[in-house]
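Chain and residue survey
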Amino acid sequence: MQKPVIVVHGGAGMWRTERKSAGLAGVSAAALAGFDILRAGGSALDAVESAVVTMENNEVFNAGHGSALTIDKRIEMEASIMDGKTLNAGAVGLLKNIKNPTRLARIIMETTDHIFIIGAGAEKLAELFKLEIANPFTELRMRYWTETKEKLMRGEHDYLPKLHTLVTSNPQLFDLGTVGAVALDKDENVAAATSTGGFSLKFPGRIGDSAIIGCGTYADNEAGASSTTGIGEIAVKLVLSKNACDSMRSGKTAQEAAESSIKLVNRRMSGGSMGLITLDMAGRIGAAHNSQNLCWAYMTTKSRHPKTALAARIVKETA
Ligand code: ASP
């Protein structure tokens, strides 16, 4: 068995040239932050939290600082975390100004009897635990919002009432930059975490896959761990992270599971933009996507530095 291991992603979709090198540096730093914890004997849960927090603090990613703007120019962040040992999980949504949504998701998991708390209730809990408040707005995301809106106004893209149709037919409109991490620690426990600002021009109040256990995030010591990125509505319909974990539970390697989940997306959802990272209980890593890019990194005891890439296995097949 290969352990400890960490795999992180900084989002699927299309990575613009201006963000590519910062994205690769960002996922590398996140993988290293998580791996340092694992190498020192820390838990997979601490490792995925730390990796994702590192990316939430980096404005190149669409999570925490630098989150995408809703159609009415607000920010509503969401995140989730799951412990594969106990199946305990925590999730948050509709956060305006909590610096690290993933920390709050973990607080919900560990200090409440609930899993998913959104908006004012979640912010009240953040206040109670003295979590840092920060303004997540950035110039970059404002510019992306304006550019996307202008394209729509010029009629270059159909702005149809059904958001799903819109994003499926125009995936290039959206800067999919959600972040996520999966890890296996020395005690053979897995964990997963995912955090996002959603995507540019999303409807206020919309919650996607990243905050929903089983869809954006899943971890189970009897199966493995997974974190997804892409059009959240698709991952919700297919319960995609759980789907990948169930493939590993039935004996598939992490890579086979990731590819089979993307084939499912291609088959059932006509190939809407998606990507995911996976980790099985033997410490094998997996990453697959049907989008142009997946910004990701991993680190094991075999490497002195994280390995990074802007693409993994691109899957276009349906079966
Ligand atoms: N999955 C995210 C969402 O739909 C977007 C992303 O992956 O960037 O909210």
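What comes next is a walk through the structure.

The rules behind each value
- Residues numbered from 1 in each chain as written.
- Predicted model: local features only at pLDDT ≥ 70, side-chain atom pairs only at ≥ 80, totals over all residues.
- Heavy atoms only, no water.
- Helix = DSSP H or I, 4+ residues; strand = E, 2+ residues; numbered from the N terminus.
- Rg over C-alpha atoms; globule rule 2.2 N^0.38 Å.
- Buried < 20%, exposed > 50% of the residue type's maximum accessible area, 1.4 Å probe, protein only.
- Contact = heavy atoms within 4.5 Å.
- Core = buried A, V, L, I, M, F, W, Y, C linked by side-chain atoms within 4.5 Å.
- Salt bridge = Lys/Arg side-chain N within 4 Å of Asp/Glu carboxyl O.
- Near = heavy atom within 4 Å.
- Polar contact = N/O pair within 3.5 Å; in protein donor to acceptor, adjacent residues only side chain to side chain.
- Areas by Shrake-Rupley, 256 points an atom, 1.4 Å probe, with all protein chains shown as cover.
- Nonpolar A, V, L, I, M, F, W, Y, C, P; charged D, E, K, R; others polar.
- Pairing = 2+ DSSP bridges.

Some details on the overall build of the protein
Of the regular secondary structure elements, the protein holds 9 helices and 13 strands. The C-alpha atoms of the protein give a radius of gyration of 17 Å, which matches the 20 Å a tight globule of 319 residues would have. Taken along its principal axes, the extent of the C-alpha atoms in the protein is 55 × 50 × 35 Å. Of all 319 residues assigned to the protein, the portion counted as buried reaches 59%. Within the protein, contacts between residues separated by at least 24 positions form 71% of all contacts whose residues are at least 6 apart in sequence.

Quick look at the nonpolar core
With 47 residues, the main nonpolar core has Ile 6, Val 8, Val 92 and Leu 104 as its most contacted residues. Ile 6 has contacts with Ala 31, Gly 34, Phe 35, Leu 38, Ala 47, Ala 51, Val 182, Ala 183, Ala 297, Tyr 298 and Met 299, leaving out every residue within four places of it along the chain.

Observations concerning the pattern of salt bridges
A complete count under the given rule lists 22 salt bridges for this structure. We note a salt bridge from Asp 46 to Arg 106, for which the minimum N-O separation is 2.6 Å. Of this pair, Asp 46 sits in helix α2 (residues 44-56) while Arg 106 is found in helix α3 (residues 101-111), placing the two residues 60 residues apart along the sequence. Judged by relative accessible area, Arg 106 falls into the buried class, the value being 12%. Glu 49 is the partner of Arg 106 in a salt bridge, and the nearest nitrogen-oxygen pair spans 2.7 Å. You can see Arg 106 sitting in helix α3 and its partner Glu 49 sitting in helix α2, a full 57 residues away along the chain. Of the two residues, Arg 106 and Glu 49, both sit in the buried class. Residues participating in the shared-partner salt-bridge network are Asp 46, Glu 49, Arg 103, Arg 106 and Glu 110.

As for the site of the ligand
Not every one of the 13 residues close to the ligand is listed here, only the nearest: Thr 178, Arg 206, Asp 209, Thr 229 and Gly 230. Asp 209 places a polar side-chain atom, nitrogen or oxygen, 2.7 Å from a nitrogen atom of the ligand. For the ligand, the protein covers 100% of the area, taking 270 Å² as the surface of the free molecule. When its residues are assigned to classes, the shell around the ligand shows 3 nonpolar, 8 polar and 2 charged.

Overview of the pairing of strand β1 (residues 5-9)
Where burial is concerned, most of β1 is hidden: 5 out of the 5 residues are buried. Direction of pairing for β1 relative to strand β5 (residues 179-184): antiparallel, over a ladder of 5 bridges. In the strand pairing of β5, Val 8 is matched with Ala 181. Across 5 bridges, the pairing between β1 and strand β11 (residues 296-300) is antiparallel. Pairing of His 9 across the sheet is with Trp 296, part of β11.

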